[in-house]
Amino acid sequence: MAESKSETIELGEGVVSENDKDNVSEEKEEIPPLTYIDFTPQCLGSTFDGKEPDFADFGSVIEGANQWLLQNPQFSVFKCETVSTKLNPDFSVDNDSTLSHMASNGKNVFVRVLRLWLIPNVDPSGPSQQIGYITVLPDHSSGDLKTFLNSLVGIATSRQIGDITFPSFDNLSQTVEKLNRHLQTKPIPGHILSMETLTFKCMEANSSDKLLPESGSWTEGGGNAKVFLHAFRIYYIVGKPCYEQVGFYDEAPEIMQSKEGLDLRIKFATFEKTLSKASHWLKKQSVSLTCFCFNSVQWCFLFFLINCVI
């Protein structure tokens, strides 16, 4: 009987047999249960030396992400989010940094980065996912929103915005209500993946900047007064319309006051307690809800889907 031999190969970290090489290769290529990838707007360069560069619009970022998904069918998109990142002094982007510094003088330059949270695709041989998005701006009583805001550009010439009479914008409830009425006749072409609140600069003293919700970048003067507009962004997986409706619920942290001598001390409940109250509210609901959680510091904010018909 011929003697069976197994050759060993040095891999730098221990020894493995020739028969196990394929297993090692498969382990190295194993897809993590949760990972992410960022897509940054393409830098288009700068007209003048030392001036902040221009970046492509956000729609081009979505196109790049969809191309990547076509080339990597082993991944499935779990959630999407827009990450606002401040550029470094040399105008480079560092998405991994957990610390940022806002200049009180000069300009702060920001870009909007698309972050895809990914999980393994259970059917890599099937059609690749493609994502789309819509941005929802609140209405107001003065006609077209962009026309009105652009008419204010240049009015303020100091650090203060001044005595400008702003129109009454729709609040959050009114905006969601109008959005749902719109979706009844013009449904989103696919299934909603995630929903978020975004802040757009619509006016700044000493600046001629305009409201550009599709822009991939923007600047803020450190010493200038600014006006911001809060809007929604909905990401979805392209496909057959599901005629989905959205809702929201927010849970503010409880305020606890105590006196120590003549001082009044105010404390807010922890985020853990605030989230626990939101979870309790969710359990009491009589309909099935799919939630998208958004939190800002210690505030718990929930977007959810209702009456989903597929």
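Every value quoted in this text rests on a predicted model; they were computed, and no experiment measured them. (Residues numbered from 1 in each chain as written. Predicted model: local features only at pLDDT ≥ 70, side-chain atom pairs only at ≥ 80, totals over all residues. Heavy atoms only, no water.)

*Asks:* Describe helix H4 (residues 172-185), and please don't skip the residues or the numbers.
*Replies:* Given 3.6 residues per turn, any residue in an α-helix points the same way as the ones three and four places further on. Here H4 contains 14 residues, and its C-alpha end-to-end distance of 21 Å stays within 8% of the 20 Å for a straight helix at 1.5 Å per residue. For H4, the set of buried residues is Thr175, Val176, Leu179, Asn180 and Leu183. Taken around the axis of H4, the buried residues stretch over an arc of 135 degrees, which confines them to a single face. Of the exposed residues in H4, the ones pointing more than 90 degrees away from its buried face are Gln184 and Thr185. In the core, the buried residues of H4 are packed alongside strand S8 (131-136), strand S9 (190-204), strand S11 (226-238) and strand S12 (245-251). Measuring from the side-chain oxygen of the N-cap residue of H4 to the backbone nitrogen of Ser173 gives 3.2 Å; that N-cap residue is Asn171. (Helix = DSSP H or I, 4+ residues; strand = E, 2+ residues; numbered from the N terminus. Expected span 1.5 Å × (residues − 1). Buried < 20%, exposed > 50% of the residue type's maximum accessible area, 1.4 Å probe, protein only. Arc of directions from axis to C-beta. Contact = heavy atoms within 4.5 Å. Polar contact = N/O pair within 3.5 Å; in protein donor to acceptor, adjacent residues only side chain to side chain.)

*Asks:* A description of the pattern of salt bridges should follow, citing residues and the corresponding values.
*Replies:* Summed over all chains, the structure comprises six salt bridges. For the salt bridge of Asp38 with Arg115, the shortest nitrogen-to-oxygen distance reads 2.7 Å. Of this pair, Asp38 sits in strand S3 (residues 35-39) while Arg115 sits in strand S7 (residues 107-120), and the two are 77 residues apart along the sequence. In this structure, Asp139 and Lys178 form a salt bridge, with 3.6 Å as the shortest nitrogen-oxygen distance. With Asp139 in the loop between S8 and helix H3 (145-151) and Lys178 in helix H4, the pair connects residues that are 39 residues apart, well separated along the chain. We classify Lys178 as partly exposed; its relative accessible area is 34%. The network of salt bridges with common partners includes Asp139, Asp170 and Lys178. (Salt bridge = Lys/Arg side-chain N within 4 Å of Asp/Glu carboxyl O.)

*Asks:* If you had to explain unusual backbone geometry to someone new, which residues and values would you point to?
*Replies:* If a residue is not glycine, its phi is most likely negative; likewise, a peptide bond is most likely trans. Phi is positive for Tyr243, close to 50 degrees, though the residue is something other than glycine. Here Tyr243 is to be found in the loop between S11 and S12.

*Asks:* Describe the packing of aromatic side chains, listing the residues and the values that go with them.
*Replies:* Tallied over the full model, the rule gives seven aromatic pairs. Aromatic pair Phe39 and Trp68: ring centres 6.1 Å apart, planes at 70 degrees, arrangement edge-to-face. Placement of the pair is Phe39 in strand S3 and Trp68 in helix H2 (residues 58-71), with a sequence separation of 29 residues. Since its relative accessible area comes to 19%, Trp68 is described here as buried. Through successive ring pairs, a cluster of aromatic residues spans Phe39, Trp68 and Phe75. The aromatic ring of Phe78 is capped on one face by Lys79, whose charged end is 5.7 Å from the ring centroid. (Phe/Tyr/Trp six-rings, centres within 6.5 Å; stacked < 30°, edge-to-face > 60°. Lys NZ or Arg CZ within 6 Å of the ring centre and 35° of its normal.)

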